[in-house]
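Listed below are the residues making up each chain.
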Amino acid sequence: MKIHRHPSAAAERKLKTVSRRSLSFRQQDTREVARIIARVQKNGNQALVEFSRRFDAADLQPNQLEVPPEEIRQAARKVDRRFKRALNRAIRQIEGFHRQQFRKSWIDTARDGVMLGQLFRPVDSAGIYVPGGQGGLTPLVSSVLMGALPAKIAGVPRIVMAT
């Protein structure tokens, strides 16, 4: 990491560069995303498989996009106990952190005719993308935890994961 000490000419140049950055997307990226969405809407799972090969190098077939519950149970039985313990510890820590962030709705009617407050409601669904790692064979478990657990704590009723 490069450190810029302020005041200095180098720090001023860096500040100008950072402050001129745009938060918007490039038009070519927006067009490419629109093309991908249109292909998935038109060709469904076959398009998903093609994009998975292109972006993740995963060699899947359309019937492999959803993992059957029995396959999940079998895989869970094969996981090393030490890894499960470490995973459960991480889950407890992440949940503990995000419970601290949880905000509750409140209403104050301290004066006649005046009602103040805030309502906190979860979104209807959350989508979580989990990078597939090397050829789709090593999904990043931390992405699952850091995406799904906050949504679960917030009360999101539908959480969907793609890798």
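Thresholds applied
Residues numbered from 1 in each chain as written. Predicted model: local features only at pLDDT ≥ 70, side-chain atom pairs only at ≥ 80, totals over all residues. Heavy atoms only, no water. Helix = DSSP H or I, 4+ residues; strand = E, 2+ residues; numbered from the N terminus. Rg over C-alpha atoms; globule rule 2.2 N^0.38 Å. Axes fitted to C-alpha atoms, helices over the stretch in contact; angles between N-to-C directions. Parallel < 35°, antiparallel > 145°, perpendicular 65-115°, else oblique. Left-handed = near helix turned anticlockwise from the far one by under 90°. Contact = heavy atoms within 4.5 Å. Patch = residues over 30% accessible without salt bridge, like charges linked within 9 Å, V, L, I, M, F, W, Y side chains within 5 Å. Areas by Shrake-Rupley, 256 points an atom, 1.4 Å probe, with all protein chains shown as cover. Salt bridge = Lys/Arg side-chain N within 4 Å of Asp/Glu carboxyl O. Expected span 1.5 Å × (residues − 1). Buried < 20%, exposed > 50% of the residue type's maximum accessible area, 1.4 Å probe, protein only. Nonpolar A, V, L, I, M, F, W, Y, C, P; charged D, E, K, R; others polar.

*Asks:* Any details on the overall build of the protein? Residues and values, ideally.
*Replies:* A count of helices and strands for the protein gives 6 helices and 4 strands. Helices and strands in the protein line up, N terminus first, as α-α-α-α-α-β-β-β-α-β. What you see for the protein is a C-alpha radius of gyration of 23 Å, clearly larger than the 15 Å of a compact globule of 163 residues, by over 25%. Over its C-alpha atoms, taken along the principal directions, the protein stretches across nearly 60 × 50 × 40 Å.

*Asks:* Mind laying out the packing of helix α5 (residues 81-101) against helix α6 (residues 141-154), listing which residues take part and the relevant values?
*Replies:* For the pair α5 and α6, the least separation of the axes is 10 Å and the interaxial angle reads 40°. Between α5 and α6, the crossing angle belongs to the class labelled oblique. For the pair α5 and α6, the sense of crossing is right-handed. On α6, the residues touching Phe83, Leu87, Ala90, Ile91, Ile94, Glu95, His98 and Arg99 of α5 are Val141, Leu145, Met146, Leu149, Pro150, Lys152 and Ile153.

*Asks:* If you had to explain a nonpolar patch on the surface to someone new, which residues and values would you point to?
*Replies:* Among the surface-exposed residues, Val79, Phe83 and Val141 lie close enough to one another that they form a single nonpolar patch of about 210 Å² accessible area. Following the sequence through the fold, phenylalanine 83 ends up in helix α5.

*Asks:* Which residues make up helix α2 (residues 27-43), and what values go with them?
*Replies:* Helix length check: α2, at 17 residues, gives a terminal C-alpha distance of 24 Å against a target of 24 Å (1.5 Å per residue), a fit within 8%. One or two positions beyond α2, positive phi appears at glycine 44, with a value near 55°.

*Asks:* Residue-level account of α6, with values.
*Replies:* Compared with the 20 Å implied by 1.5 Å per residue over 14 residues, the 20 Å span of α6 between its first and last C-alpha is a close match. By the burial criterion, the buried members of α6 are Leu145, Ala148, Leu149, Ala151 and Ile153. On the buried face of α6, the contacting elements are α5, β3 (125-129) and β4 (158-162).

*Asks:* Requested: an account of the environment of phenylalanine 120, with residues and values cited.
*Replies:* With respect to the helices and strands, phenylalanine 120 occurs in the loop between β2 (116-118) and β3. Between the C-alpha atoms of phenylalanine 120 and arginine 103, which are 17 residues apart in sequence, the distance is 6.9 Å. Setting aside residues up to four positions removed in sequence, phenylalanine 120 forms contacts with Arg103, Lys104 and Ser105.

*Asks:* So, the packing of α2 against helix α3 (residues 45-56): which residues are in play, and what are the values?
*Replies:* Look at α2 against α3: their axes get within 6 Å of each other, and the N-to-C directions meet at 140°. Our classification of the angle between α2 and α3 gives oblique. Every residue of α3 that contacts α2 at Glu32, Ile36, Arg39, Val40 and Asn43 is listed here: Asn45, Gln46, Ala47, Leu48, Glu50, Phe51, Arg54 and Phe55. Here the contact of α2 with α3 is composed, by residue class, of 6 nonpolar, 3 polar and 4 charged.

*Asks:* Give a detailed account of the pattern of salt bridges, specifying residues and quantitative values.
*Replies:* The tally for this structure, following the rule as stated, stands at 9 salt bridges. Among the salt bridges present, the one from arginine 35 reaches glutamate 32, with a minimum N-O distance of 3.0 Å. Residue arginine 35 and its partner glutamate 32 are both found in helix α2; the two are separated by 3 residues, about one turn of the helix. The class of arginine 35 is partly exposed, set by a relative accessible area of 48%. The salt bridge partner of glutamate 70 is arginine 77, with a shortest N-O separation of 3.4 Å. A relative accessible area of 35% places glutamate 70 in the partly exposed class. Given the relative accessible area of 57%, arginine 77 is considered exposed.

Geometry only, nothing functional implied.
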